[in-house]
Structure formats: structure tokens, C-alpha cells
Amino acid sequence: MSEHQEKKATPKKKEVTKLGGCIAGALAGCAAVTFTNPIELVKTRMQLEGELSSTKGTAKVYRNPFQAFALVYKNEGLRGVQKGLIASYLYQTGLNSCRLGFYEPMRCWINSLVFPKRDPVQVQNMGVNVFVGVATGVIGSVVSSPFYLLKTRMQSFSEQVKIGSQSHYDSVRQGLKDIFQDEGVRGLFRGANAAILRTAVGSGAQLPAYFFAKQQLEKLGNLKDGLGMQLACSAFAGVGVTVVMNPFDVVLTRLYNQKGALYKGTVDCFVKTVRSEGLGALYKGFVAQLLRNTPHSILLLMFMEQTMSMVYSAEQKFGVGI
């Protein structure tokens, strides 16, 4: 078979426009967080409990994710466990429209530079994948940082159990307005450097881990590309993300939730947390994080497969990108 015939016989990969990729990523993130927002709230409160104080001999209010969820629901009802959902939607839109929408175009572009004689779509180089995951994660974390800050403060607030700094906002609009008036633009981006580290580490692990697992399963031939493979690969990615990201997530939660100048910055928060509470404090809420990240990764990446397909079909229908 000639080279021309071989290229002709190779089915063309379905591709969406860059804007389409951003839209698909945002939709996937919002769909996933609808289900995982309650455990995100539980994780936030567990990370803030005992902040900068020794908890030895002190009974914890939130003992484990299941007890914590039950307590929040008992005290605050259904609206309580879904606090910060709109802010979470805005955060997911900003983060994933960049992180998932730009991932594949950037990966292919870098592959075309690094491996000019190979098909950039087919190349799965771990170094390139990690770099692109980190780069797109950093972009997304900066864009979405004010919404994560707002989400954290809304989720930490409770009239029944007061843990950490308490900030009450009736709505996303009021919250953003109050933060801007009280703290200025810098206040909206308070802790953004920690968000960059957290998201870079998470992104650097999540998408490469997903595609690595997918590539290995395809080689083994035990699973065909479909729901079963997506589920297995997403679960693998979720566990990996939790292990590497939890310390940065604890620091980020505390920086975002603070009032005044409790912490001077990311390094200061790391140092004060470890000095006051020990190294184990960096893994506070780990089980809740795992219970959040694993299903979130599964839902996010599964929804992404579907939303990409939907956006592709819509673009083909309206002649976009053809």
C-alpha cells in the first residue's frame, strides 16, 4: 500500500474548534461539579478545622466525610450541602474551558515541534503531556481564581459550626462586590499563586494519567474505547491527583478563607500549618478529597467525551470549522 493510500485509509480524527473545545470543557466541568459540590464543601470544612492549633485531645466536630456530610445536612439542609454551587459553576467554567479546551490543541502543536515527522495527534509523550497539563492548568487557575476564593468562603460559612474565618455572602454577585470593595483587585486574586501550584500539580497528573491509562488498556486489548475504559482511566487519574494535590489544596483553602493577614503567602501558610499542626495537617480532608476527586475525575472526563461529541456534531451541523 502506498503512503498516499495509507493516509487515505486512516480515518480522520473528529476535531472541534478551539472555542468548541472550551465550551465542551466548561459544560463537562459544570455537569461534574453538580454531583461533587457537597463533598467539596465537606472537604473544605475538614481542612479548616483546627487551623493553626494543636488538636491533640480535642474532639473534632467533623470526624470523617460521612459524619461531616450528615452533620451539615442536619444543621443546614439540602441548600447547606450545596452551598457555593453557582460559584463552583463559574470556577469550573473558567478552569475547564481553558484546561480541557486548550489541552489537545496545545499538545498537538508542541508534538508537531518536538516530533515533526510523526502524527502529532497520535504521539503520546509523557513529558509533553505533563507540560501541557501544567500549562493549561495554570492558565485556567488564574482565570478562575476569584470564583474559587468565593466558593471557599461560601462553603466554610455556617451559623451552627463556626470553623475558620467566617464570611457571609447572600449571592455570588454580592460576594464579589464585597470582596472587591473591602480588599480590591488584589483581594479577588488573594492566594492565586497557591491556586497556580495546586492546579498545575493536579492538571499535570490528571490528564496525562488518564491518557496513559487509556493507552495501556488499548495495548492490552482487554477493554474497548467506551464507558468501561473511560471509567477505569478516570478512576486511575482521580487517585493520582489526590495524592499529589492535597497539601497544596489545604494551603489554598486556608489562604482563600482567611481574613486580614493571617498568612503572608503560600510558603508562610505551609510553614505555619506544619509548625502548629504537624505534617499530617497537609493531608487533612484527604479521604474527603479522594471521595471528591475520584468521582469528579470520572464524571469530568466522561462528560468531556460526551460534550466534545455534542459540540462536534453541532459544529458540523452549522458548518463551523469545516
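Throughout what follows, the structure given in this document is the object of discussion. What you see is a predicted model; the values in this text were computed from it and never measured.

When helices and strands are tallied, the protein chain shows 10 helices and 0 strands. Reading the protein chain from its N terminus to its C terminus gives the helix and strand order α-α-α-α-α-α-α-α-α-α. Computed over its C-alpha atoms, the radius of gyration of the protein chain comes to 21 Å, within 12% of the 20 Å expected for a compact globule of 322 residues. Taken over 322 residues, the protein chain has a buried fraction of 49%. Within the protein chain, contacts between residues at least 6 apart in sequence are counted, and of these 79% link residues at least 24 apart. Taking the average location of the 37 positive side-chain charges in the protein chain and that of its 21 negative ones, the two points are 2 Å from each other.

Right, let's get into the packing of helix H2 (residues 18-48) against helix H3 (residues 65-81). Interaxial distance between H2 and H3 falls to 10 Å at its minimum, and their mutual angle equals 115°. Like other packed secondary-structure pairs, H2 and H3 cross with a definite hand, here right-handed. Here H2 contributes Asn 37, Pro 38, Ile 39, Leu 41, Val 42, Arg 45 and Met 46 to the contact with H3, which in turn contributes Pro 65, Ala 68, Phe 69, Val 72, Glu 76, Gly 80 and Val 81.

On to the pattern of salt bridges, then. Side-chain pairs of opposite charge can arise where the charged atoms are in close proximity. In the structure shown here, the tally under the stated rule is 14 salt bridges. Salt-bridge contacts for Lys 151 lead to Glu 40; the nearest nitrogen and oxygen are separated by 2.9 Å. On the criterion of sequence distance, the pair formed by Lys 151 in helix H5 (residues 126-156) and Glu 40 in helix H2 is long-range, its members being 111 residues apart. Summarising the burial analysis for this pair, Lys 151 and Glu 40 share the class buried. Between Arg 153 and Glu 183 there is a salt bridge, and its shortest N-O distance comes to 3.0 Å. With Arg 153 in helix H5 and Glu 183 in helix H6 (residues 172-188), this pair connects stretches of sequence that are 30 residues apart. Given a relative accessible area of 1%, Arg 153 falls into the buried group.

What follows covers the layout of surface pockets. As a volume, the second largest pocket reaches approximately 470 Å³. Lining of the second largest pocket is provided by 19 residues; of these, Arg 79, Lys 83, Met 154, Tyr 169 and Asp 170 occupy positions nearest its centre. Contributions of two or more residues to the lining of the second largest pocket are made by H3 and helix H4 (85-114). For the lining of the second largest pocket, the per-class residue count stands at 7 nonpolar, 7 polar and 5 charged.

Glancing now at the environment of Ser 297. Mapped onto the elements of the fold, Ser 297 is located in helix H10 (residues 286-317). Exposure remark for Ser 297: the relative accessible area of 2% places this residue in the buried category. Separated by 86 residues in the primary sequence, Ser 297 and Phe 211 place their C-alpha atoms 13 Å from one another.

It is worth spelling out the packing of H4 against H5 at this point. Describing two packed helices takes the angle between their axes plus the distance from one axis to the other. Running from N to C, H4 and H5 point in directions that differ by 175°, and their axes come no closer than 8 Å. Compared by their axis directions, H4 and H5 come out roughly antiparallel. Classifying every residue of the contact of H4 with H5 gives 19 nonpolar, 11 polar and 3 charged.

Here we come to the nonpolar core. Leu 150, Ile 179, Leu 252, Leu 255 and Tyr 256 are the most contacted members of the largest nonpolar core, which totals 20 residues. Where this core is concerned, the elements lending two or more residues are H4, H5, H6, helix H7 (192-220) and helix H8 (227-257). Setting aside its immediate chain neighbours within four residues, Leu 150 contacts Ala 87, Tyr 169, Val 172, Gly 175, Leu 176 and Ile 179. Counting residues in each nonpolar core, the second largest holds 19 residues, with Ala 32, Leu 100, Cys 233 and Met 304 among its members.

Let's shift gears to the environment of Tyr 103. Looking at where Tyr 103 falls in the secondary structure, it is placed in helix H4. For the pair Tyr 103 and Thr 136, spaced 33 residues apart in sequence, the C-alpha to C-alpha distance is 6.3 Å. If we ignore the near neighbours within four places in the chain, the residues touching Tyr 103 are Cys 98, Asn 129, Val 132, Gly 133, Thr 136, Leu 207, Pro 208 and Phe 211.

Looking now at the packing of aromatic side chains. Using the criterion set out here, one finds 6 aromatic pairs in the structure. With a centroid separation of 4.8 Å and 70° between ring planes, the pair formed by Tyr 91 and Tyr 148 is classed as edge-to-face. In this pair, Tyr 91 is assigned in helix H4 and Tyr 148 in helix H5, connecting sequence segments 57 residues apart. On the basis of relative accessibility, which here comes to 6%, the residue Tyr 91 falls in the buried class. Following the ring pairs from residue to residue traces out a cluster consisting of Tyr 91, Tyr 148 and Tyr 256. Over the face of the ring belonging to Phe 115 we find Arg 118, whose NZ or CZ atom lies 5.3 Å from the ring centre. A cation over a ring is seen here: Lys 151 above Tyr 148, with NZ or CZ 4.2 Å from the ring centre.

How each quantity is defined
- Residues numbered from 1 in each chain as written.
- Predicted model: local features only at pLDDT ≥ 70, side-chain atom pairs only at ≥ 80, totals over all residues.
- Heavy atoms only, no water.
- Helix = DSSP H or I, 4+ residues; strand = E, 2+ residues; numbered from the N terminus.
- Rg over C-alpha atoms; globule rule 2.2 N^0.38 Å.
- Buried < 20%, exposed > 50% of the residue type's maximum accessible area, 1.4 Å probe, protein only.
- Contact = heavy atoms within 4.5 Å.
- Lys, Arg positive; Asp, Glu negative; His and termini not counted.
- Charge placed at Lys NZ, Arg CZ, Asp CG, Glu CD.
- Axes fitted to C-alpha atoms, helices over the stretch in contact; angles between N-to-C directions.
- Left-handed = near helix turned anticlockwise from the far one by under 90°.
- Salt bridge = Lys/Arg side-chain N within 4 Å of Asp/Glu carboxyl O.
- 1 Å grid on protein atoms, 1.4 Å probe; cavity = no way out; pocket = protein on both sides within 12 Å on 5 of 7 lines; lining within 4 Å.
- Points joined across faces, edges and corners; volume = space filled by probe spheres on them.
- Nonpolar A, V, L, I, M, F, W, Y, C, P; charged D, E, K, R; others polar.
- Parallel < 35°, antiparallel > 145°, perpendicular 65-115°, else oblique.
- Core = buried A, V, L, I, M, F, W, Y, C linked by side-chain atoms within 4.5 Å.
- Phe/Tyr/Trp six-rings, centres within 6.5 Å; stacked < 30°, edge-to-face > 60°.
- Lys NZ or Arg CZ within 6 Å of the ring centre and 35° of its normal.

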